[in-house]
Number of protein chains: 2
Amino acid sequence: MSNDTVKIPQATAKRLPLYYRFLKNLHSSGKQRVSSAELSEAVKVDSATIRRDFSYFGALGKKGYGYNVNYLLTFFRKTLDQDELTKVALIGVGNLGTALLHYNFLKNNNTKIAVGFDVEEAKIGTTIGDVPIHHMDELEKIITEMGITVAILTVPAPFAQTITDRLVAANVKGILNFTPARLTVPATTRVHHIDLAVELQSLVYFLKHYGVDEEEE
Amino acid sequence: MSNDTVKIPQATAKRLPLYYRFLKNLHSSGKQRVSSAELSEAVKVDSATIRRDFSYFGALGKKGYGYNVNYLLTFFRKTLDQDELTKVALIGVGNLGTALLHYNFLKNNNTKIAVGFDVEEAKIGTTIGDVPIHHMDELEKIITEMGITVAILTVPAPFAQTITDRLVAANVKGILNFTPARLTVPATTRVHHIDLAVELQSLVYFLKHYGVDEEEE
DNA sequence: AATTTATTGTGAAGATAATAACAATATTTT
DNA sequence: AAAATATTGTTATTATCTTCACAATAAATT
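Model, not experiment: these values are computed from the prediction.

## Describing the packing of helix 1 (residues 10–28) of chain A against helix 2 (residues 36–43) of chain A
All names here are of chain A.
Next up, step 1: Helix 2 packs onto helix 1 with a crossing angle of 105 degrees between their chain directions and a minimal axis gap of 11 Å. In terms of their interaxial angle, helix 1 and helix 2 are classed as roughly perpendicular. In this structure, helix 1 contributes L18, Y19, F22 and L26 to the contact, and helix 2 contributes L39, A42 and V43.
Next up, step 2: Each residue belonging to the contact of helix 1 with helix 2 can be placed in one class, and the counts come to 7 nonpolar, no polar and no charged.

Pasting the structure below:
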């Protein structure tokens with residue numbers, strides 16, 4: 001982990017990719033400058049929060065003017081390491097896994113699913129999009145060879161922990177977990193959960209029990 | 001919105017479906033009682049946080065004993081309205097939409113995708129799983145007829161806002177948004193985002209810039 | 001029935017995050 | 001070049017969330 005700047009709050013860090021994406025949009029639509037108020041409207045984050053977020057990286061804007069789109073974009077590209085391609089492994093090529101293979105992560109982020117793994121013989125040796133699918137038995141060998149340290153986990157829940165253990169042993173440091181299982185990992189590995197059923201159910205709960213007054217992340 | 005109990009913190013509300021799922025697991029494995037410490041190990045949430053979360057609903061446990069699994073389960077089933085089926089519309093039957101159609105939300109939550117919409121003629125009139133796919137032109141008509149107020153949005157980003165406007169006009173109150181677009185909605189509509197590219201990119205960012213010491217939600 | 005043990009529920013403290021508000025100041029207009 | 005305007009960066013404030021720590025007390029053991 002490079003610790004070039006002061007450590008950024010997690011809430012801020014999670015918004016950075018979002019800012020980056022909208023700055024790219026602005027840039028390609030030819031916009032030269034942008035204020036925190038405009039950006040706020042686009043990304044639905046309070047303008048004071050945006051200014052605060054940016055301020056962790058120093059004074060990026062100019063008073064009375066706003067932010068130079070090009071400058072900001074260049075700055076965030078470096079900060080988010082967009083010049084360096086991050087290769088990711090996809091574990092479990094079922095319905096969801098296949099959908100993710102077709103999802104173009106590369107377009108907005110310099111992240112690419114470089115390899116997939118499954119146990120179903122019909123899939124082994126094929127290519128989905130341009131991603132080769134290998135047998136799960138080769139997991140350790142191939143991701144080690146490819147130097148992959150980030151994995152997306154889309155296997156059936158009962159296999160999630162076992163495969164996680166193998167990923168950890170193979171030096172994977174980050175797991176995007178789409179299974180409902182809550183994974184046990186060492187402190188050196190980071191897991192982000194995307195729990196589809198929980199997301200849907202908590203949305204329903206909010207609708208029934210809360211007055212709705214704004215969206216939230 | 002029913003406001004039967006005191007308003008629960010949002011962070012707590014988001015964890016309720018998770019607790020519910022694990023309680024179901026415990027129950028079906030025959031467990032009679034559980035402590036906050038055990039539950040903590042399973043769901044990876046601090047035990048004090050679990051006790052605090054539960055305490056918003058009153059004193060559900062017994063000192064020196066823990067919680068009765070069956071009692072908790074019954075309580076949460078009511079609280080999460082699990083006895084009442086929530087029908088959901090899926091807008092956009094592409095790769096991701098199709099994967100979600102095959103995802104069994106019903107298993108753990110009383111939530112079901114009841115209808116899908118797309119513009120591709122080949123899909124109209126077919127059934128995926130047991131879910132009928134209709135033309136997008138019929139959106140308002142059908143979801144109004146079916147009394148649906150929750151939608152999952154998996155259309156290409158450029159169409160997201162237009163379709164959202166139509167959903168809102170057709171009385172949809174909750175949207176689970178898988179598109180990268182940040183939607184503009186009235187204060188009476190709630191949007192939850194699942195932004196796959198942002199999730200992946202922020203995971204990569206955390207790996208590079210932070211010492212990893214625990215997982216987080 | 002007395003003692004030990006386990007575990008809750010919660011007050012207090014701490015940590016993190018969001019927002020308001022405004023002085024400072026760069027840009028734009030006159 | 002002076003005045004008016006726009007907008008940042010940040011200090012202060014408030015809100016939300018997490019965790020510690022422990023008295024209270026129910027259950028289990030002796």
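Resuming the write-up.
## Digging into the relation of the copies chain A and chain B
Next up, step 1: Of the transformation placing chain A onto chain B, the axial shift is 0.0 Å and the rotation is 180 degrees, giving an RMSD of 0.0 Å. The symmetry that links the two subunits is that of a two-fold axis.
Next up, step 2: The share of interface residues of chain A whose copies in chain B are also at the interface is 100%, consistent with both copies meeting through the same surface.

## Here we look at the pairing of strand 7 (residues 150–153) of chain B
Residue and element names in this part refer to chain B.
Next up, step 1: Of the two faces of strand 7, both are covered, the one formed by V150 and I152 as well as the one formed by A151 and L153.
Next up, step 2: Pairing geometry for strand 3 (residues 86–91) and strand 7, over 4 bridges, is parallel. Each bridged residue has a counterpart across the sheet, and for L90 the counterpart in strand 7 is I152.
Next up, step 3: By the bridge criterion, 4 bridges tie strand 7 to strand 8 (residues 174–177) in an arrangement that is parallel. Residue pairing for strand 8: I152 is matched across the bridge by L176.

## A word on the protein's contact with DNA strand C
Next up, step 1: Taken together, the neighbourhood of DNA strand C is formed by 28 residues, with R52 of chain A together with S36, R52, G61 and Y67 of chain B sitting nearest.
Next up, step 2: Backbone atoms, meaning sugar and phosphate, make up 60% of the atoms of DNA strand C lying within 4 Å of the protein.
Next up, step 3: A distance of 3.5 Å is found between a phosphate oxygen of DNA strand C and a side-chain nitrogen or oxygen belonging to T49 of chain A.
Next up, step 4: At a separation of 2.7 Å, a phosphate oxygen of DNA strand C approaches a polar side-chain atom of Y67 of chain B.
Next up, step 5: Those elements giving two or more residues to the surface near DNA strand C turn out to be helix 1 and helix 3 (47–55) of chain A together with helix 3 (47–55) of chain B.
Next up, step 6: Of the residues in the surface near DNA strand C, the class split is 7 nonpolar, 9 polar and 12 charged.

## Things to note about the protein's contact with DNA strand D
Next up, step 1: Taken together, 28 residues lie near DNA strand D, and S36, R52 and G61 of chain A together with R15 and R52 of chain B sit nearest.
Next up, step 2: Of everything in DNA strand D that lies within 4 Å of the protein, sugar and phosphate atoms constitute 62%.
Next up, step 3: One nitrogen or oxygen atom from the side chain of R51 of chain A is found 3.0 Å from a base nitrogen belonging to DNA strand D.
Next up, step 4: Elements supplying a minimum of two residues to the surface near DNA strand D: helix 3 of chain A together with helix 1 (10–28) and helix 3 of chain B.
Next up, step 5: A total of 4 residues in the surface near DNA strand D trace back to one element, the largest contributor, which is helix 3 of chain B.
Next up, step 6: Of the residues assigned to the surface near DNA strand D, the class counts are 8 nonpolar, 8 polar and 12 charged.

## A word on helix 1 of chain B
Next up, step 1: Between its first and last C-alpha, helix 1 of chain B extends 28 Å over 19 residues, near the 27 Å set by a 1.5 Å rise per residue.
Next up, step 2: At L16 of chain B, helix 1 of chain B is bent by approximately 30 degrees, the largest bend along its length, and proline P17 of chain B sits one to four residues beyond.
Next up, step 3: On its buried side, helix 1 of chain B packs onto helix 9 (196–209) of chain A together with strand 1 (33–34), helix 2 (36–43), helix 3, helix 4 (69–79) and helix 6 (105–108) of chain B.
Next up, step 4: Directly after helix 1 of chain B, the chain includes G30 of chain B, whose backbone phi takes a positive value near 85 degrees.

## A closer look at the interface of chain A and chain B
Next up, step 1: Facing the 81 residues of chain A at the interface are 81 residues of chain B.
Next up, step 2: With both chains or domains summed, chain A and chain B bury close to 7,800 Å², and 58% of this area falls on carbon and sulfur atoms.
Next up, step 3: Considering only the side of chain A, the residues that lose the most area to chain B are R182, R190 and Q201 of chain A, jointly responsible for 9% of the buried surface there.
Next up, step 4: Between E84 of chain A and K208 of chain B there is a salt bridge, and its shortest N-O distance comes to 3.3 Å.
Next up, step 5: On the surface where chain A and chain B come into contact, there are 12 residue pairs in polar contact (both at pLDDT 80 or more).
Next up, step 6: For the side of chain A that touches chain B, the element with the most residues is helix 9 of chain A, which contributes 14 residues.
Next up, step 7: Partitioning the side of chain A that touches chain B into residue classes produces 40 nonpolar, 22 polar and 19 charged.

Calculation rules
- Counting from 1, residues in each chain are numbered in the order their sequence is written.
- Going through the entries in the order they are written, you letter the chains from A and number the ligands from 1.
- Only residues with pLDDT of at least 70 get local features here, since the model is predicted, and only at 80 or more are side-chain atom pairs given and counted; chain-wide, interface and lining totals rely on the full set of residues.
- Side-chain measures here rest on the full set of heavy atoms in the structure, leaving out hydrogens and waters.
- For helices, the axis comes from a line fit to the C-alpha atoms of the stretch in contact; other axes are also lines fit to C-alpha atoms, and the angle between any two N-to-C directions lies between 0 and 180 degrees.
- Runs of H or I in DSSP of at least four residues are treated as helices and runs of E of at least two as strands, each being numbered from the N terminus.
- These descriptions rest on fixed angle ranges, namely under 35 degrees for roughly parallel, over 145 for roughly antiparallel, 65 to 115 for roughly perpendicular, and the rest for oblique.
- For this analysis, residues touch if any pair of their heavy atoms sits within 4.5 Å.
- Throughout this entry, Asp, Glu, Lys and Arg are counted as charged residues, while Ala, Val, Leu, Ile, Met, Phe, Trp, Tyr, Cys and Pro are counted as nonpolar. The remaining residues, Gly among them, count as polar.
- The copies were overlaid with a least-squares fit restricted to C-alpha atoms from residues scoring a pLDDT of at least 70 in each copy.
- Using a 1.4 Å probe on the protein chains alone, a residue whose accessible area is under 20% of its type maximum counts as buried, one over 50% counts as exposed, and one in between counts as partly exposed.
- One bridge is not enough; two strands pair if DSSP finds at least two bridges between them.
- Only a single heavy atom is needed: when it lies within 4 Å of a molecule or strand, its residue is near that molecule or strand.
- Polar contacts, as used here, are pairs of N or O atoms within 3.5 Å; protein pairs need one atom able to donate a hydrogen and one able to accept it. Residues neighboring in sequence count only if both atoms are side-chain atoms.
- To estimate how far a helix should extend, the number of its residues minus one is multiplied by 1.5 Å.
- Two axes enter the definition of the bend at a residue: one is fitted to the seven residues ending there, the other to the seven starting there, and the bend is the angle between them.
- Defined here as a combined quantity, buried area equals the accessible surface (1.4 Å probe) lost by two parts on assembly, summed across both.
- Salt-bridge detection follows one rule: a side-chain nitrogen of Lys or Arg within 4 Å of a carboxyl oxygen of Asp or Glu.

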